[in-house]
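Listed here are the chains, written in short residue letters.
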Amino acid sequence: MSFLQLFILSIVQGFAELLPVSSSAHVIMAEKLMGLDPTSPELTMLLVMLHTGTMFAVIVYFWTSWRATYFSSASAFRSNVLLLAAATALTGIVGFGLLKGITHVMSKDAPGFEIEHLFGNAKLMAASLAAAGVLIIVSSRQQARQHGTLSIGKAMVIGAVQGLCLPFRGFSRSGATISAGIAMGVPQRRAEEFSFALAVVLTPAVLVKEGWRFYQAVAKGSLDHLEHGNSLLHLLGPSLLGMLLSFLAGLLALRWLSRWLEQGRWHFFGAYCLLASLVVLYVG
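What you see is a predicted model; the values in this text were computed from it and never measured. (Residues numbered from 1 in each chain as written. Predicted model: local features only at pLDDT ≥ 70, side-chain atom pairs only at ≥ 80, totals over all residues. Heavy atoms only, no water.)

Digging into the packing of aromatic side chains
Overall, the coordinates contain twelve aromatic pairs when judged by the stated rule. Between Trp260 and Phe268, the aromatic rings sit 5.5 Å apart at their centres with planes inclined by 65°, giving edge-to-face as the arrangement. You can call Trp260 buried: its relative accessible area is 17%. The structure contains a cluster of three or more aromatic residues connected by ring pairs, namely Phe15, Trp256, Trp260, Trp266, Phe268 and Phe269. (Phe/Tyr/Trp six-rings, centres within 6.5 Å; stacked < 30°, edge-to-face > 60°. Buried < 20%, exposed > 50% of the residue type's maximum accessible area, 1.4 Å probe, protein only.)

With respect to helix H8 (residues 173–183)
Of all eleven residues making up H8, ten are buried, and the element is well covered by its neighbours. By the burial criterion, the buried members of H8 are Arg173, Ser174, Gly175, Ala176, Thr177, Ile178, Ser179, Ala180, Gly181 and Ile182. Immediately beyond the C-terminal end of H8, within one or two residues, lies Gly185, with a positive phi of roughly 90°. (Helix = DSSP H or I, 4+ residues; strand = E, 2+ residues; numbered from the N terminus.)

Some thoughts on the environment of Arg189
Following the sequence through the fold, Arg189 ends up in helix H9 (residues 188–219). Spatially, the C-alpha atom of Arg189 lies 7.9 Å from that of Leu261, the residues being 72 residues apart in sequence. Leave out the neighbours within four places in its chain, and Arg189 touches Tyr61, Phe62, Ser65 and Ser258. A distance of 3.3 Å separates a polar atom in the side chain of Arg189 from a polar atom in the side chain of Ser258. (Contact = heavy atoms within 4.5 Å. Polar contact = N/O pair within 3.5 Å; in protein donor to acceptor, adjacent residues only side chain to side chain.)

A short note on the UniProt feature "transmembrane region" (unreviewed entry) in the protein
Mapped onto this numbering, the UniProt entry annotates "transmembrane region" (unreviewed entry) at residues 46–64, 76–98, 118–138, 194–212, 232–254 and 266–283. For residues 76–98, the helix share is 100%, the strand share is 0%, and the end-to-end C-alpha distance is 33 Å. Note that residues 194–212 is 100% helix and 0% strand, and that its end C-alpha atoms are spaced 28 Å apart. (UniProt positions renumbered as here; feature names shortened; annotations may be inferred.)

A word on the pattern of salt bridges
Close approach of charged atoms allows side chains of opposite charge to pair. If you walk through the whole model with that rule in mind, you get two salt bridges. In this structure, Arg189 engages Glu192 in a salt bridge whose closest nitrogen and oxygen atoms are separated by 3.2 Å. Highlighted residues: Arg189 and Glu192, both in helix H9, separated by three residues, approximately one helical turn. Across the pair Arg189 and Glu193 runs a salt bridge, and its minimum N-O distance is 3.5 Å. Of the two residues, Arg189 and Glu193 are both situated in helix H9; the distance of four residues between them amounts to about one turn of the helix. Members of the salt-bridge network, linked through shared partners, are Arg189, Glu192 and Glu193. (Salt bridge = Lys/Arg side-chain N within 4 Å of Asp/Glu carboxyl O.)

Here's the deal with unusual backbone geometry
Here the phi dihedral of Ser22 falls at roughly 75°; this positive angle occurs in a residue that is not glycine. Position of Ser22 among the secondary structure elements: in the loop between helix H1 (3–18) and helix H2 (23–33). Accessibility expressed as a relative area gives 4% for Ser22, which makes it buried.

Looking at the side chain of Lys154
Note that Lys154 resides in helix H7 (residues 152–165). Although buried, Lys154 forms no salt bridge, and the nearest oppositely charged side chain, Glu193, lies 15 Å from it. Engagement of the side chain of Lys154 in a polar contact is seen with the backbone oxygen of Thr149, the distance being 3.1 Å. Contact partners of Lys154, with chain neighbours within four places excluded, come to Gly148, Thr149, Met184 and Val186. (Lys, Arg positive; Asp, Glu negative; His and termini not counted.)

Now the structure itself:
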């Protein structure tokens, strides 16, 4: 992978992961346009590091507001942890239940079936992007009616919506969860903070999954084209650079997202998703 390809993937991941536009759809399209193999161990390793970079960007950006919201008192900490736990539990129930059900229906539980291959289909990604765009636009019409608080019931709904996003590449996690919160009357800043707090809870599981894929590739000898004993070192340098680039891009993306939420421009992200869905259909 050239430096230019590394730079493009890192910036695309950093921006698209944190903006409500679906990072997976954008990264897959970028890989295809540059002729890269998204299943290669090198890209798997890079993806782990890029996710790590964006996770640190979220923590740095929201740390001050999270400290005021989550750590202002012992009771505030307990209530917010309960909200996060309830939402994450629903994400697991809905998301993994959906993954298992789809795997059973589509493959009859055949060994070696990769659901990622199914949801990498351009038509399905385009449909998911369009669905996310419509959800964002619809929720943007509710921004003026924000008057409620984030109850445990609303948190569970947001968690369930996050679970629906897990298998569908193109169905933006941040876009769907923030939109769900706004639609239920949760103040937009609170919906944004909670959505990304959920992302920080969920990201380690994603990193473990991608890390396991990389380990399996190493175990199968898929890195034999690199010098023996230097394969990890060979990949570590570019991956660390990619992590730094995705971290910086993520900070810029979060500032952009917050500003547009405050200025009532949330619906522009929905319009972009609808346009991106057409591009994905054309490129795919």
